[in-house]
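Residue-level structure breakdown
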Amino acid sequence: MTVLVIQVNSLRKKNKPVVGVGCASTRDTSAALSAYCASANIPSIMFLPANKISMAQLVQPIANGAFVLSIDTDFDGCMQLIWEVTAELPIYLANSLNSLRLEAQKTAAIEILQQFDWEVPDWVIVLGGNLGNIYAFYKGFHMCKELGLVDRIPRLVCAQAANANPLYLYYKAGWKEFKPVKANTTFASAIQIGDPVSIDRAVYALKNCDGIVEEAMEEELMDAMAQADSTRMFICPHTGVALTALMKLRKSGVNGANDRTVVVSTAHGLKFTQSKIDYHSNDIKDMACRFANPPVSVSADFGSVMDVLKKYLLSKAPKY
Ligand SMILES: Cc1ncc(COP(=O)(O)O)c(C=O)c1O
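Quick caveat: nothing in here was measured; it's all calculated off a predicted structure. Starting afresh in each chain, residues are numbered from 1 along the sequence in its written order. Given that the model is predicted, a residue must reach a pLDDT of at least 70 before its local features are reported, and side-chain atom pairs must reach 80 or more before they are shown or counted; all residues, however, enter totals for whole chains, interfaces and linings. As a rule here, side-chain values cover all heavy atoms of the structure and leave hydrogens and water aside.

1. Description of the sheet that holds strand β4 (residues 91–93)
Formally: At least two DSSP bridges between two strands are needed for those strands to be called paired. Going along the chain from the N terminus, every DSSP run of H or I of four or more residues is numbered as a helix, and every run of E of two or more is numbered as a strand. Interaxial angles span 0 to 180 degrees and are taken between N-to-C directions of axes, which are lines fitted to C-alpha atoms, for helices over the stretch in contact. Contacts are residue-level and defined by heavy atoms, with any inter-residue pair within 4.5 Å sufficient.
With parallel pairing, four strands are arranged side by side in an open sheet as β3-β2-β1-β4. Strands with a single pairing partner mark the edges of an open sheet, and in this sheet they are β3 (67–71) and β4. Averaged over neighbouring strand pairs, the angle between their axes works out to 25 degrees when direction is ignored. Pairing between strand β1 (residues 20–24) and β4: three bridges, direction parallel. Looking at the pairing, Gly20 lines up with Ile91 of β4. Most of the contacts of helix α1 (residues 2–13) go to β4, to which it runs at about 155 degrees, and overall it touches β1 and β4. In the packing of helix α4 (residues 75–88) onto the sheet, contacts are made with β1, β2 (44–49), β3 and β4, and the angle to β2 comes to roughly 145 degrees.

Below, the structure is given as structure tokens:
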């Protein structure tokens, strides 16, 4: 996003008629774009689906001073509208179909290689919504191979929520015919996208790295999030989708126990406290919430506190 905003800034300095930068967003793109536009003093305009994003989730673009349109449609509807609007008005479109975004997002792949001391991991699992990320990761790895920094590239896995899985269905159908879907509500709300703009790029990337597409049901992704959290990760539901993909591939033996695997985590768990609260309160319809860890209510007397503590400690005692 910094690359894109720098580019817009230089266009404006050259008196090019760019009145602002706009995007359709399920949240995170709008958070980043509005922040960098605020620091560059460029108007930012957000097309966000109404009633699908809570005020807590909207707070970043609002606080950053963006002009936020809350539109009575879903992400795909917002994307369509901003396409039409930017054809009429000189608003610079910042969604991930913009090649500046994709080129810049390649750095994520380079950082992975650098952090692994240029040893190529066997697998990298990336979430898929609008499908810019998966393509950018591929491009980054491919570029490093072309430059001779590494001698191969990892196999990529694109992980989707089963409630918004057009790429998964396309993959399962042997890449026969792409059909956009109506994306249903998912706890992984940032990837609730049924008609991804970078579909062709994603397919190109996956075909060129022997890639795989996996999906996660709502219960699976929430369980995965809770399990990861219990090891202190405090992840977001999207990362739960990616971890579910890993668990499924490990279970089926596609991903081996000694394979080096990177799971990309894309948002902070603190943005998703409500879904964690609902999960740990066992308050999600049709979900067993197997790893819920609700607080134990106890009356304020020594005996009662000792009783619950002993019961807990007994359950934790090592079994010899
Ligand atoms: C938190 C989060 N994870 C994953 C993604 C998926 O990236 P892409 O839309 O490029 O597939 C997004 C996209 O907005 C996101 O916000």
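2. Structural notes on helix α10 (residues 218–229)
This is how it is decided: Multiplying one less than the number of residues by 1.5 Å gives the expected span of a helix. With a 1.4 Å probe rolled over the protein chains alone, any residue whose accessible area is under 20% of its type maximum counts as buried; one over 50% counts as exposed, and the rest are partly exposed.
End to end, α10 covers 16 Å across 12 residues, agreeing with the expected 16 Å (1.5 Å per residue, within 8%). Where burial is concerned, most of α10 is hidden: nine out of the 12 residues are buried. Along α10, the residues classified as buried are Glu218, Leu221, Met222, Asp223, Ala224, Met225, Ala226, Ala228 and Asp229.

3. Let's talk about the sheet that holds strand β5 (residues 123–127)
Judged by pairing direction, the sheet is parallel, and its four strands sit side by side in the order β7-β6-β5-β8 without closing on themselves. If you trace the sheet from one side to the other, it starts and ends with β7 (212–216) and β8 (261–263), each paired once. Strand-to-strand twist across the sheet, computed as the mean angle between neighbouring axes with direction ignored, equals 25 degrees. Both β5 and β8 contribute to a ladder of three bridges, which runs parallel. Opposite Trp123, over in β8, you have Thr261 as the bridge partner.

4. Description of the site of the ligand
In plain terms, the rule: In these notes, residues near a molecule or strand are those with any non-hydrogen atom within 4 Å of it. Pairing of N or O atoms within 3.5 Å defines a polar contact, subject to two protein rules: one partner must be a possible hydrogen donor and the other a possible acceptor, and residues neighboring in sequence count only if both atoms are side-chain atoms. All accessible areas in this document rest on Shrake-Rupley with a 1.4 Å probe, and a residue is counted as covered only by the protein chains that are shown. The nonpolar class holds Ala, Val, Leu, Ile, Met, Phe, Trp, Tyr, Cys and Pro. Asp, Glu, Lys and Arg form the charged class, and all remaining residues, Gly among them, are polar.
The environment of the ligand is formed by Asp28, Leu127, Gly128, Gly129, Asn130, Leu131, Gly132, Asn133, Ala190, Ile191, Thr266 and Ala267. For the ligand, an oxygen atom lies 2.8 Å from a polar atom in the backbone of Leu131. At a separation of 3.0 Å, an oxygen atom of the ligand approaches a polar backbone atom of Gly132. In isolation the ligand offers 380 Å² of accessible surface; the protein chains occlude 90% of this area. The residue makeup of the shell around the ligand, split by class, is five nonpolar, six polar and one charged.

5. Here we look at the nonpolar core
Our working definition: The term nonpolar core refers to a set of buried residues drawn from Ala, Val, Leu, Ile, Met, Phe, Trp, Tyr and Cys, joined through side-chain atoms within 4.5 Å.
Counting residues in hydrophobic clusters, the biggest one holds 32 residues, and the most contacted among them are Val124, Ile134, Phe137, Phe141, Leu156, Leu167 and Leu206. Contributions of two or more residues to this core are made by α6 (107–115), β5, α7 (132–146), β6 (155–161), α8 (166–172) and α9 (199–207). Top element by residues in this core is α7. It accounts for seven residues. Those residues in contact with Ile134 that sit more than four places away from it in its chain are Val126, Leu156, Val157, Cys158, Ala202, Ala205 and Leu206. Counting 27 residues, the second-largest nonpolar core is a separate cluster that includes Ile212, Ala228, Ala245 and Cys289.

6. A closer look at the environment of Ala63
Tracing the backbone shows Ala63 in helix α3 (residues 55–63). It is 19 Å that separates the C-alpha atoms of Ala63 and Gly269, two residues lying 206 residues apart in sequence.

7. So, a nonpolar patch on the surface
Applicable threshold: Exposure above 30% relative accessible area and the absence of a salt bridge qualify a residue for a patch, where like charges join within 9 Å and nonpolar side chains (Val, Leu, Ile, Met, Phe, Trp, Tyr) within 5 Å. Every case where a carboxyl oxygen of Asp or Glu lies within 4 Å of a side-chain nitrogen of Lys or Arg is listed as a salt bridge.
Nonpolar side chains collect at one region of the surface, where Val296, Val298, Val305, Val308, Leu309, Tyr312 and Leu313 lie side by side and expose about 600 Å² of accessible area between them. Within the fold, Tyr312 resides in helix α13 (residues 302–316). Owing to a relative accessible area of 47%, Tyr312 belongs among the partly exposed residues under this scheme.

8. Some thoughts on the environment of Ala288
Within the secondary structure, Ala288 is located in the loop between α12 (273–280) and α13. On a C-alpha basis, the gap between Ala288 and Glu219 in space is 7.8 Å, while along the polypeptide they are 69 residues apart. In this structure, Ala288 is in contact with Glu219 and Asn282, ignoring residues within four places of it in sequence.

9. Comments concerning the packing of aromatic side chains
Here is the rule we go by: Two aromatic rings, drawn from Phe, Tyr or Trp (for Trp, its six-membered ring), form a pair once their centres lie within 6.5 Å of each other, and the interplanar angle then sorts them: stacked below 30 degrees, edge-to-face above 60, tilted otherwise. A ring is considered to have a charge above it if a Lys NZ or an Arg CZ atom is located within 6 Å of its centre and within 35 degrees of its normal.
Scanning the model with the defined rule gives five aromatic pairs in all. Judged by centre distance (5.9 Å) and plane angle (85 degrees), the ring pair of Tyr138 and Tyr204 falls under edge-to-face. Here Tyr138, found in helix α7, pairs with Tyr204, found in helix α9; they are 66 residues apart in sequence, far enough to count as distant. Tyr204 gets classed as partly exposed once you look at its relative accessible area, which sits at 48%. With 5.2 Å between their ring centres and 85 degrees between their planes, Tyr170 and Trp175 make a pair best called edge-to-face. One exposure class covers both Tyr170 and Trp175, and it is buried. An aromatic cluster of at least three residues, connected via ring pairs, comprises Tyr170, Tyr171, Trp175 and Phe178. Across the ring face of Phe234, the terminal group of Lys276 is positioned such that the distance to the ring centre comes to 4.4 Å.

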